[in-house]
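# Analysis of the macromolecular model
Here is what each chain is made of, one letter per residue.
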Amino acid sequence: MNKIFLIILAIIPSLINAQWTQTGFQQGSIFALHTLGNTIFAGNLAGLHRSTDNGQTWQLSISGIDNSQGWILMHTIASSSNYVFIGNYDGLYRSSNNGQSWSKMSLTLTTPQSDAVCSIACDGSTVYAGTTCGLFKSTNDGTNWTKLSNGISATQKVYKVLFCNSKLYLGTEDGVYYSSDNGTSFTQIGFDNIAVSSLANTPNGMVAVTFRNGVHYTNDDGSNWTAVNIGQNTNIPSFTAITANSSILIGTNGVTSVNNDLTNHFSGGLSGKNILSLSVCGNYLFAGTNADGVWRIPLGEITAIEETKQAESTMEVFPNPAQEALSIKFKQNFSKIVIYDISGKKVYLDNLKGTSTTIDVSKLPLGIYHIELIGKGLVQTAKFVKQ
């Protein structure tokens, strides 16, 4: 998979000392998260909430949204250069002031309160809305809408809309569809009769997340799909996927990093919680849970494994993660090795001879460590994980 790094939220024991913490939003199911600048939006049964301080405090923002039922049930959030869009059981709303107030658009669902807007994708002034009663398109920022049904059912449940390589992709109740003509026509390209809950771009392709049939990857626009080894029972339901830097983040029940056959788990503090939504804001990855509000973790703790792998071209560190002994091979002439824990505390120092060394790490606490090789006018760094 061309060294693609997948991070998957899974219900397995934590093996890496990366800790999630709960934000100021501590109750309820979070069906949608979205970031715009330094603002993170969260959607739940009560409506839309906004935070501008990395999740410490949240404000309910439902001015202009129909609340006559006593609940709003926010499903999806997206933004263009001019507007923020939200979708729920009542249709689609638009804001021109960063979510402070909302106006309802003319998108009409077949059966209000039963149907819902599940996904929104923006391309300039063109907006696509995937709903439980078909796919809709607007070419004027959501003011007017047209239903698209050439190649897909007019009542198709569309859970995810994604742009990838200048094409439009849909994750639906009946697999993945794509269009190369801006939605004029669609062709199915996989997962017949399998519900696809989410799609996400990767550096070289796309990932499809199914409800109970695992996670799959393509690097040829969907002509072929390869199952991703996520280190868990594929019958565990998966809900969402996003991209962050060169990583794919996938939400199921708690955190696993998969690099080809290498699997590492990140579930400290979050184990057992169903993850319905994900978003990156600033230096944090935010996770919306099924009934426990919004949680966050420093993004650097998740992507540290990727940084280690990128250093392997000049320094080999193995096994990584390590339990008993860590071996290091290098080409340059280094005289000293220093290892620091994630807080910057020095935990190991030794002199070097030759081009390799083996270190006993059995007594180190679980966590992420920084390796520094020092030579005359030369410093080289890498990271490893103690399991």
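Everything in this summary refers to the structure shown in the same document.

Definitions and limits used
Residues numbered from 1 in each chain as written. Predicted model: local features only at pLDDT ≥ 70, side-chain atom pairs only at ≥ 80, totals over all residues. Heavy atoms only, no water. Helix = DSSP H or I, 4+ residues; strand = E, 2+ residues; numbered from the N terminus. Buried < 20%, exposed > 50% of the residue type's maximum accessible area, 1.4 Å probe, protein only. Areas by Shrake-Rupley, 256 points an atom, 1.4 Å probe, with all protein chains shown as cover. Core = buried A, V, L, I, M, F, W, Y, C linked by side-chain atoms within 4.5 Å. Pairing = 2+ DSSP bridges.

### A closer look at the overall build of the chain
- For the chain, the helix and strand inventory stands at one helix and 36 strands.
- Going through the 387 residues of the chain one by one, you find that 53% of them count as buried.
- Roughly 16000 Å² of accessible area belongs to the chain as shown, and the carbon and sulfur atoms make up 44% of that amount.

### Overview of the nonpolar core
- Ranked by size, the top nonpolar core spans 18 residues in total, and within it Leu-326, Ile-328, Ile-337, Ile-371, Leu-373 and Phe-384 carry the most contacts.
- Taken together, the elements giving at least two residues each to this core come down to strand 30 (315-318), strand 31 (325-330), strand 32 (336-341), strand 35 (367-375) and strand 36 (378-386).
- In terms of nonpolar packing, the next biggest core, distinct from the first, is built from 13 residues, Ala-78, Met-105, Val-117 and Ile-120 among them.

### Focus: the sheet that holds strand 29 (residues 294-298)
- A sheet is described by the order of its strands in space; here four strands give the open sequence 2-29-28-27, paired in antiparallel fashion. A single partner strand is all that each edge strand has here, and the edge strands are strand 2 (21-22) and strand 27 (275-281).
- Pairing of strand 27 with strand 28 (residues 284-289), which is carried by six bridges, proceeds in the antiparallel orientation. When the sheet's bridge partners are listed, Ser-279 is paired in strand 28 with Phe-286.

### Concerning the environment of Leu-373
- Structurally, the position occupied by Leu-373 is in strand 35.
- The class of Leu-373 is buried, set by a relative accessible area of 0%.
- As a C-alpha pair, Leu-373 and Gln-332 span 41 residues in sequence and 9.6 Å in three-dimensional space.

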